[in-house]
Amino acid sequence: MATLVLDNGAYTAKIGYSQDKVRVIPNCQFRSKTSRLKTFTANQLDEIKDPSGLFYILPFQKGYLVNWDVQRKVWDHLFGKEMFKVDFVDTSVIITEPYFNFSSIQESMNEILFEEYQFQSALRINAGSLAAHHFFHSHPSALCCLLVDSGFSFTHVAPYCRSKKMKDGIRRSDSLRSLAPAHLPVAVLQPANPICYSWEGGQLLAHSPDYDEVLVTRDDYEENGHFICEEKFDI
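Report on the accompanying structure.

Rules behind the numbers
- Residues numbered from 1 in each chain as written.
- Predicted model: local features only at pLDDT ≥ 70, side-chain atom pairs only at ≥ 80, totals over all residues.
- Heavy atoms only, no water.
- Helix = DSSP H or I, 4+ residues; strand = E, 2+ residues; numbered from the N terminus.
- Expected span 1.5 Å × (residues − 1).
- Buried < 20%, exposed > 50% of the residue type's maximum accessible area, 1.4 Å probe, protein only.
- Polar contact = N/O pair within 3.5 Å; in protein donor to acceptor, adjacent residues only side chain to side chain.
- Salt bridge = Lys/Arg side-chain N within 4 Å of Asp/Glu carboxyl O.

### Observations regarding helix α1 (residues 68–79)
Here is step 1 of the chain: Here α1 is 12 residues long and its end C-alpha atoms lie 16 Å apart, about the 16 Å a rise of 1.5 Å per residue gives.
Here is step 2 of the chain: Among all positions of α1, only W68, V70, Q71, V74, W75, H77, L78 and F79 are buried.
Here is step 3 of the chain: Taking the backbone nitrogen of D69 as reference, a side-chain oxygen 3.3 Å away marks N67 as the first, capping residue of α1.

### Observations concerning the pattern of salt bridges
Here is step 1 of the chain: Counted by the stated rule, this structure contains four salt bridges.
Here is step 2 of the chain: With a closest N to O distance of 3.0 Å, E116 and R72 form a salt bridge. You can see E116 sitting in helix α2 (residues 103–116) and its partner R72 sitting in helix α1, a full 44 residues away along the chain.
Here is step 3 of the chain: By relative accessible area, E116 is classed as partly exposed at 46%.
Here is step 4 of the chain: Where E222 meets R218, a salt bridge forms, and the shortest distance between an N and an O atom there is 3.5 Å. In this pair, E222 and R218 both sit in helix α7 (residues 218–224), four residues apart, roughly one turn of the helix.
Here is step 5 of the chain: Through salt bridges with shared partners, a single network forms among E97, R124 and E230.

### What to know about α2
Here is step 1 of the chain: Between its first and last C-alpha, α2 extends 19 Å over 14 residues, near the 20 Å set by a 1.5 Å rise per residue.
Here is step 2 of the chain: Taken as a whole, α2 has its buried residues at I105, Q106, M109, N110, I112, L113 and F114.
Here is step 3 of the chain: Backbone geometry just downstream of α2 places Q118 in the positive-phi region, at approximately 65 degrees.

By themselves, these observations are geometric and do not establish any function.
What follows is the structure, given as structure tokens:
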């Protein structure tokens, strides 16, 4: 079964199959200021010679997914024939959501993934958790404490190994002291590719031996509904 990894960000979607490379695509729609009937979705903006006459509509506001009409259209485009040609009968999906996401948003996402698109299995997970998974995979002998900076916000506390880059980060991390045990140093890591760092963590997770254990299958969802997702994902 193929695994599609989707870091569904507020401004860009980082998406790709776990065996392939990631693509960074605008997570929004664009409409003409002069003719609002003309709409462009996601990377269709690349077809426009003069984007100055467009305004964009985001599915996210204040970090939360609130405009499902726009998000569905973006996903329809990404999953469709022009982009990733998703065979939902034989595909699982790893998709990110914010910390402390509203239950109503989670429930809507479950319904859309399992009932509308009919993915065979799914995992909702925070982008920070995927960033930490990436870090642990890259630093298996980590001993100390790290706050991962994924590019736009500080997202996760995790162990790390010592390096000059991390020591330099300590000078910027005094205010973060309370987030870690007192006996451990705190540093800020700026990944080499911060935009795609969480997506790469999802790619690694999809190939880990315990991946199947963290998924909710479509059969699980049909039998237990939203409850099984909340119990298993624990976001």
